[in-house]
Amino acid sequence: MGWQGQIWIVWAIFLGLVVSVQSITRGEIFAFGPSVRDQSLEAGNDQTHRLELDKPVLFYDGTFNSIFINTNGFVATAEPTPESTYLGKMPPKFGMIAALQGDLDTSDDVGKVFFRQDSSPDVLRMAAEYINRAFPEDDEVSPIHAVVITWVDVAAHDPQSRGDGVGKKRSTFQLVIASLETASYAIVLYPRDEIQFSSTPVEDGSVVMHAGFSKGLVRGFLFSSQGPYYRTTADDEASVRALAEETNSGQKGVWVYEIGTSPYFSNVAPGEVTELPTETTPLEDPEHDVDERGHVYTDGQQVEYPPYESEGEQIQLSPVQYQPHQPGNPEVVVVDDTDINVDVFSYNFGTCANNRNKCSQFADCRDYSSGYCCHCRPGFYGNGIQCVAEGKPQRMNGKMHGKVYVGNSPTPVEFNSNDLHSYVVVNDGRSYVAISDIPYTLGPSMQPLSALGGVIGWAFALEQPGFKNGFSIIGGEFTRQAEVTFLPGNEKLTIRQEFKGIDEHDHLVVSTTLEGQVPEVPGGATIQIDPYSEIYQYSNNLITSSSTRDYVVNFPDGSTETRTYQWRQTISFQSCQHGESLRDMKPTQMLSVDQVFVMYDANNELIRFAMSNKIGDINGGQPEENPCFTGRHGCDTNAVCRPEQGTQFTCECAAGFNGDGRTCYDTDECRENPLICGSHAICNNQPGTFRCECEDGYQFASDGQTCIEVDQPVNACEEGTHTCDIPERAQCSYTGGSSYICSCLPGFIGDGRICQDIDECQVGRCHQDAVCYNTQGSFTCQCRSGYYGDGFYCSPERRKTQCQTHRDSLLGATAFGPRGPRPPVGQYIPTCDENGAYEPMQCHGSTGQCWCVDRRGQEIPGTRSGPGGRPMCIDHGGATIPVGPTPRPDVHPLPPGTHLLFAQNGRIEHVPLEGYDMKKDDAKAVLHLPEKVIIGVAYDCVDKMVYWTEITSPSISKASIQGGEPVTVITSDLGSPEGIAVDHLGRTIFWTDSVQDRIEVASLDGSQRRVIVDSDLVNPRAIIADPPNGNLYWADWNRDAPKIETSYMDGANRRLLVKDNLGLPNGLTYDTHSSLLCWADAGTHKVECMHPASGDRTNVVEGIQYPFGLTSFGKHMYYTDWRRDAVVAVDRHAGKELDELHPQKRTKLYGIATAYAKCPFGQNYCAVNNGGCTHLCLATPVGRSCKCPDNAVGVGCVERDSGY
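Now for a quick tour of the structure.

Digging into helix α2 (residues 121–134)
So, point 1. Its 14 residues place the ends of α2 20 Å apart at the C-alpha level, agreeing with the 20 Å of an ideal helix rising 1.5 Å per residue.
So, point 2. Of all 14 residues making up α2, 10 are buried, and the element is well covered by its neighbours.
So, point 3. Within α2, burial applies to D122, V123, L124, M126, A127, A128, Y130, I131, N132 and A134.

Thoughts on the packing of aromatic side chains
Aromatic ring pairs: the centre-centre distance and the angle between the two ring planes describe each pair.
So, point 1. As enumerated under the stated definition, the model contains 29 aromatic pairs in all.
So, point 2. An angle of 35 degrees between the planes, with centres 5.9 Å apart, marks the rings of F74 and F94 as tilted. Of this pair, F74 sits in strand β4 (residues 74–76) while F94 is found in the loop between β4 and β5 (96–101), placing the two residues 20 residues apart along the sequence. Just as F74 is buried, F94 falls in that class too.
So, point 3. With a centroid separation of 5.3 Å and 85 degrees between ring planes, the pair formed by F1108 and Y1150 is classed as edge-to-face. In this pair, F1108 sits in strand β77 (residues 1107–1113) while Y1150 sits in strand β81 (residues 1149–1155), placing the two residues 42 residues apart along the sequence. For the pair formed by F1108 and Y1150, the shared burial category is buried.

Observations concerning the pattern of salt bridges
So, point 1. Tallied over the entire structure, the rule returns 46 salt bridges.
So, point 2. Residue R807 is joined to D808 by a salt bridge in which the shortest nitrogen-to-oxygen separation is 3.2 Å.
So, point 3. Look at D808 and you get partly exposed, because its relative accessible area is 24%.
So, point 4. Of the charged contacts, one joins R987 and D940 as a salt bridge, the two residues approaching to 2.7 Å between their closest N and O atoms. Linking R987 in the loop between β65 (977–983) and β66 (988–993) with D940 in strand β61 (residues 924–940), this pair joins segments that are 47 residues apart in sequence.
So, point 5. One continuous salt-bridge network, built from bridges that share partners, spans R26, D153, E194 and R662.

Remarks on the state of the cysteines
So, point 1. For the coordinates displayed, the defined rule picks out 23 disulfides.
So, point 2. What pairs with C694 in a disulfide is C707, and their sulfur atoms sit 2.2 Å apart. One quick way to see it: the torsion about the S-S bond of C694 and C707 is about -90 degrees, and its sign makes the bridge left-handed. Here C707 lies in strand β46 (residues 707–709) and C694 lies in strand β44 (residues 689–694), a separation of 13 residues in the sequence. The burial state of C694 is the same as that of C707; both residues are buried.

Some points on the sheet that holds strand β79 (residues 1126–1131)
Hydrogen bonds between backbone groups are what pair the strands of a sheet, and the pairing can be parallel or antiparallel.
So, point 1. Pairing within the open sheet is antiparallel, and its 4 strands lie in the order β77-β78-β79-β80. What marks the edges here is a single partner per strand, and that holds for β77 and β80 (1136–1141). Averaged over all pairs of adjacent strands, the angle between their axes in this sheet comes to 25 degrees, without regard to strand direction.
So, point 2. Of the pairings in the sheet, the one linking strand β78 (residues 1116–1121) to β79 comprises 6 bridges and is antiparallel in character. The residue of β79 that forms the bridge with H1116 is D1131.

Structural notes on the nonpolar core
So, point 1. Core analysis: the biggest nonpolar cluster contains 63 residues, and M446, W458 and F460 have the highest contact counts within it.
So, point 2. When residues in this core are grouped by element, the largest group, 5 residues, is from strand β37 (residues 588–601).
So, point 3. One finds I69, F115, F173 and Y190 within the second-largest nonpolar core, a separate group that totals 39 residues.

Considering the pairing of strand β62 (residues 945–950)
So, point 1. Taken across its 6 residues, β62 has 6 buried, putting it largely inside the fold.
So, point 2. Residues M945, Y947 and T949 point to one face of β62 and V946, W948 and E950 to the other, with burial holding for every one of them.
So, point 3. Sheet topology places β62 next to strand β63 (residues 955–960); 6 bridges connect them, and they run antiparallel. By the bridge assignment, E950 is partnered in β63 with S955.
So, point 4. A loop of 4 residues connects β62 with β63, the two strands running antiparallel in sequence.

Some points on unusual backbone geometry
So, point 1. L487 connects to P488 through a cis peptide bond whose omega is 5 degrees.
So, point 2. You can see P488 is positioned in the loop between β30 (477–487) and β31 (491–502).
So, point 3. A cis amide bond links S953 with the next residue in sequence, P954, at an omega value of -10 degrees.
So, point 4. Take P954: it is sitting in the loop between β62 and β63.
So, point 5. Positive phi values are uncommon outside glycine, yet D46 reaches one of about 60 degrees.
So, point 6. Tracing the sequence through the fold places D46 in the loop between β1 (39–40) and β2 (48–59).
So, point 7. You will see that D193, though not glycine, has its phi angle at about 65 degrees, which is positive.

The rules we used
Residues numbered from 1 in each chain as written. Predicted model: local features only at pLDDT ≥ 70, side-chain atom pairs only at ≥ 80, totals over all residues. Heavy atoms only, no water. Helix = DSSP H or I, 4+ residues; strand = E, 2+ residues; numbered from the N terminus. Expected span 1.5 Å × (residues − 1). Buried < 20%, exposed > 50% of the residue type's maximum accessible area, 1.4 Å probe, protein only. Phe/Tyr/Trp six-rings, centres within 6.5 Å; stacked < 30°, edge-to-face > 60°. Salt bridge = Lys/Arg side-chain N within 4 Å of Asp/Glu carboxyl O. Disulfide = S-S within 2.5 Å. Pairing = 2+ DSSP bridges. Axes fitted to C-alpha atoms, helices over the stretch in contact; angles between N-to-C directions. Core = buried A, V, L, I, M, F, W, Y, C linked by side-chain atoms within 4.5 Å.

Encoded structure:
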């Protein structure tokens, strides 16, 4: 599942908490199952698992570091005794938290018991909301740890049953234990229609199930006695059934208790909100009142519509002019107005033979006598051009433009690409809409416009028998224009929306324009919208509807005011004129909308709408009882509800998902069938489906499926057909098409086609005591006899380096033997290289220990190895200045295509890729930086920039690979920057610092720096960003405890991924197509991969030598090796090495990165308008976090937590 799916689930749960007066549904409880890394209890009866806790649970006056999870619906604080000792004999002798305790069974593999520990922000925030709602008079609490246990579809244990699970009643419920340092709370959730039995068989009878809290036996001085027992249920089945219909937290089916406090505790404390929130004020007769608009108020809490009656006759249709609201049943209005401009499209003519690719990939093309039509296949719905899987939730994304005047304000509020997002749970008709960056001057006044996103509710409304929602009829390409007239002020607002179909992310794309005026709603006021109905009239390529709606403004002072607006809209679309599609379309349908919720979030400048939508008969008809038509079925949000006889139904996972219908998991088609996309194509898995993309250098043929090679323009520089001087004197730079540029190399002068050597010796470049020798393109300087130096400076005395002075001072204090100075036993003597610099690795001659040092000879913490071990130490630039001119730092432009960029001392080189193969003959240096030790390399595919870290200064720099001077990005407050990663969507860089022991982020220009991880790091090196999913990954090669970790890109939700069987994890890469995280380990001599979500780990290749950097492209990985001085190519699918590149300069190779010809597929919320953030926008799997730089004092920065 992608990062966008997760945020909508969290938000849907949040909205349910706010507005629902119905019982909580299965889809609204805390997430559970393998998708959230739950463990599962062993199948069977009376199974127990001991769970060691990261944080203790407080229960009564005790503190427990472990708990025992049992099949029979409870959690114990000690090893439970056999079930025969407590079933029907409550309370038990051990401590018990009984969510719903009885004799339960999961041995048929249908029922499951899932559990996990969870400290993620979303789960803790959700738990805090339940607790704080249940205890409104107490100080708000913020849990730091939670245990989530879910009993899913468990059945009563029946030894006489057939064992196949057929016909069994099943129950689903959940227990969440949320803890602070000084208190623990139990949150118990009983979803609507999910408690299907209230007693379980015991011996020859049955026993009512129990819910409650028992302390167990309490030991006294001489004997033990039964401790306190707090019961939630009584000894009757009605009390069990009431669990889903009553509450102590303000929402039906949700029960909250304070179960333990420290240091003092008295007894279990239940939640204090037993009254449910009301949607209306009860009328005089709460038993049965009907207002003038036909609403029935049954109990003052829930609004229902009565059946539509017209003295036995059907509602008659008659063409009438648009007119003001009149009380009574909904009326059918035919809009006869020529001032609404609509675009009616014509369907393509022809046959399927030459138009088949215009149908959806999930549709079939059918020829008719007058043309062709596309029809969605079984399991999908739509108009054939656009088809989506039945039961799958749908998302809508888009931008909003225009300008709106508020009240009598002379200045409009302008919209400039504001984000609009929507999410629909299709199998129960719930829709959610959010619009970002709505200023406080407008936000409250937009709250009445719930219909702004209502079209998505109509498009995917829950269908009643024989009726179709909008998408089933017209697909996802249409134009909607609506006019809103507010009464009595007559303010008018025009809404125009262009729906552009489904994009590559499987999201419906819409562009919205608002123009006009809205009446002012003061800040702090809220809006209440009652349920309403709207009749849609369908004709050839045009749909119309109109209605009059009331809404109530609740002012901050407690007063209210009822206001009205009139609404009319037209929807124009392209339909197939052939076949029977139009004849099957009903001329009128009624959209029923209830549970309408609106909220303006001033802090985050967001407006949110939520509603439930059903499409059905304009005459009401008989109320449907089958859960598939009421939406109360409990199927997974990715499942289809299939109605059967009466109230029976089945849940069936949508196409592209697997599971039992109650729980559905995404099918990874790319992994199950690696060849599904054909040759020269890359498969990209998406929730419920997959997409094929052609490899670099290929494009789709006219059939939209086959990848064919792109005709590339001739590159004269590569082909050798250019007119530049020879390569020893000139460089040919390809500029696209058939163009190229010739330029002379440093040390030569000319127009690039003819270059002549510059005689540097003529201008006195060398020292006066040196001799100058001119060479082609360069020169050398050599000190005269009796002088020492590099030729640029000569002296009659040889000066010692720091290392030589250090070494000789120790040797000089010792006695001389026949072979020279001999240090005393046990004395450490530094070793210097041929240029007098400290060798990067120093060893103690007596103990055999070795360690890494910096350029000053100081030991780098955490690098010391045991006797015989050899740490991996980085050269720190001790090479002498070369004899001759220092080449001007220069970036040579790269030709088109995908390349590998890798670092050596003083240079970054590249090798082009042809497919996956390295074009070794074309490898060359792209960047020269003498005297620098470049460690990490990263590539920004947007601006075509290479970023690198170097440890001699130290610094972080960048340069355009299309040519230009290097630019220093960061130089201050760096210790040893090593790994570096680029978020090409959010426009930020991340890097590790092995001296500062931290991970930082900054804008691409080096501003807005922020430390995001600064604890529990010893030798962090490799770091990788996954921008579309909002994750970071990094490796720490600490010899005592190597590890690979992950977090969101804001540093939150930090988790340990791998800690076992690691040695020196140096290289790290993440492949977005396969969702694999891979690493190269110089200690275990392996390349391994894993799926971060599932944790499965596989070996790719073994027996490698000393890898440092790692990158990936498609099915291949490429790593640099210190021992082989090579770039090595590995086929991940075949699990073997294929090729290696030895650069001309044989020195250690460091970081490596892939320079993509085009940016990888994917988006995140930071990619547009900086995510609405004032400063740093950092992506997360559930949206984005707005963060301030560490030096943000007085700069007007606003921080926002993760969310969209």
